[in-house]
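# Results of the structural survey
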Amino acid sequence: MPDEISQDSYVTEADEIVFLVEEVPRKLRRLFDASTAKFGLTRTQWRALAYIFRSPGLTQTELARHLDLERASVGHVIDQLEKAHFVERRSIEGNRRVWSLHLLPKAIEILPSLRLEADAIYTQLLAGISATEYNTVKTLLGKMSGNLAD
């Protein structure tokens, strides 16, 4: 019979930290999914709108990099946003295969409401955390991210 593993030694302190680091984004995804659904959007569509707002004329390839998705997946997201009249593709002069992405008025109108939804989630997330703790967590997460290869 193989050696039995002690419950105390199996789950380490590092495991506990990693579990917490994984739990926060999972809960955030759930909250954002519920918030964006109020607007008939998915979380990925909301993120796409935010990136296009920040960088009008972004290409689908650039957006795919920002969203960490394949170009085909982003193409589907843009198809949905275009069908809902949130974005439009514009051809880039001299290159008929590349399209730039631009927000339409319907998207620009809901951005302030989406911002309020995001801010409410962030307020909930950061409740009871001091400015010092916030800066410490930001620094530590930045270091952890930097320790891992992309």
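Residues numbered from 1 in each chain as written. Predicted model: local features only at pLDDT ≥ 70, side-chain atom pairs only at ≥ 80, totals over all residues. Heavy atoms only, no water.

Attention now moves to the pattern of salt bridges. One pass over the full model with this rule turns up 7 salt bridges. Among the salt bridges present, the one from arginine 89 reaches aspartate 79, with a minimum N-O distance of 2.9 Å. Of the two residues, arginine 89 is situated in strand β2 (residues 87-92) and aspartate 79 in helix α5 (residues 71-83); the sequence distance between them amounts to 10 residues. Residue class for arginine 89 comes out buried when judged on its relative accessible area of 19%. The class for aspartate 79 is partly exposed, based on a relative accessible area of 41%. Put simply, arginine 90 and glutamate 88 hold a salt bridge, and the shortest N to O gap is 2.7 Å. With a relative accessible area of 37%, arginine 90 lands in the partly exposed category. (Salt bridge = Lys/Arg side-chain N within 4 Å of Asp/Glu carboxyl O. Helix = DSSP H or I, 4+ residues; strand = E, 2+ residues; numbered from the N terminus. Buried < 20%, exposed > 50% of the residue type's maximum accessible area, 1.4 Å probe, protein only.)

Orientation of helix α3 (residues 43-54) relative to α5, taken along the N-to-C sense of each, is 85°, at an axis distance of 10 Å. By the angle between their axes, α3 is roughly perpendicular relative to α5. Residues Thr44, Gln45, Ala48, Leu49 and Ile52 of α3 pack against Val77, Ile78, Gln80 and Leu81 of α5. Looking at the contact of α3 with α5, its residues break down into 6 nonpolar, 3 polar and no charged. (Axes fitted to C-alpha atoms, helices over the stretch in contact; angles between N-to-C directions. Parallel < 35°, antiparallel > 145°, perpendicular 65-115°, else oblique. Contact = heavy atoms within 4.5 Å. Nonpolar A, V, L, I, M, F, W, Y, C, P; charged D, E, K, R; others polar.)

The next point concerns the packing of aromatic side chains. Counted under the stated rule, the structure contains 2 aromatic pairs. Among the aromatic residues, those joined into a ring-pair cluster are Phe32, Trp46 and Tyr122. It is lysine 106 that lies over the ring of phenylalanine 86; its NZ or CZ is 4.8 Å from the centre. (Phe/Tyr/Trp six-rings, centres within 6.5 Å; stacked < 30°, edge-to-face > 60°. Lys NZ or Arg CZ within 6 Å of the ring centre and 35° of its normal.)

As annotated in UniProt, the feature "domain: HTH marR-type" (unreviewed entry) corresponds to residues 14-146 in the numbering used here. Secondary structure across residues 14-146 divides into 71% helix and 13% strand, with the first and last C-alpha atoms of the span separated by 17 Å. (UniProt positions renumbered as here; feature names shortened; annotations may be inferred.)

Two elements, β2 and strand β3 (residues 95-103), share 6 bridges in a ladder whose sense is antiparallel. In the strand pairing of β3, arginine 90 is matched with serine 100. Counted along the chain from β2 to the antiparallel partner β3, the turn is 2 residues long, and its residue glycine 94 has a positive phi close to 90°. (Pairing = 2+ DSSP bridges.)

To continue, consider the nonpolar core. With 25 residues, the main nonpolar core has Leu49, Ile52, Leu63, Ile78, Leu81, Phe86 and Val87 as its most contacted residues. Elements that contribute at least two residues to this core include exactly α3, α4 (60-67), α5, β3 and α6 (105-126). (Core = buried A, V, L, I, M, F, W, Y, C linked by side-chain atoms within 4.5 Å.)

Once that is clear, we can look at the pairing of β3. As judged from the 2 bridges shared by strand β1 (residues 58-59) and β3, these two strands associate in the antiparallel manner. Across the sheet, threonine 59 pairs through a bridge with serine 100, a residue of β3.

Take a nonpolar patch on the surface next. Together, Ile17, Val21, Val137, Leu140, Leu141 and Met144 make up an exposed nonpolar region whose accessible area comes to about 490 Å². Broken down by secondary-structure element, the contributors of at least two residues to the nonpolar patch are α2 (13-37) and α7 (131-147). The partly exposed category is assigned to leucine 141, whose relative accessible area is 43%. (Patch = residues over 30% accessible without salt bridge, like charges linked within 9 Å, V, L, I, M, F, W, Y side chains within 5 Å. Areas by Shrake-Rupley, 256 points an atom, 1.4 Å probe, with all protein chains shown as cover.)

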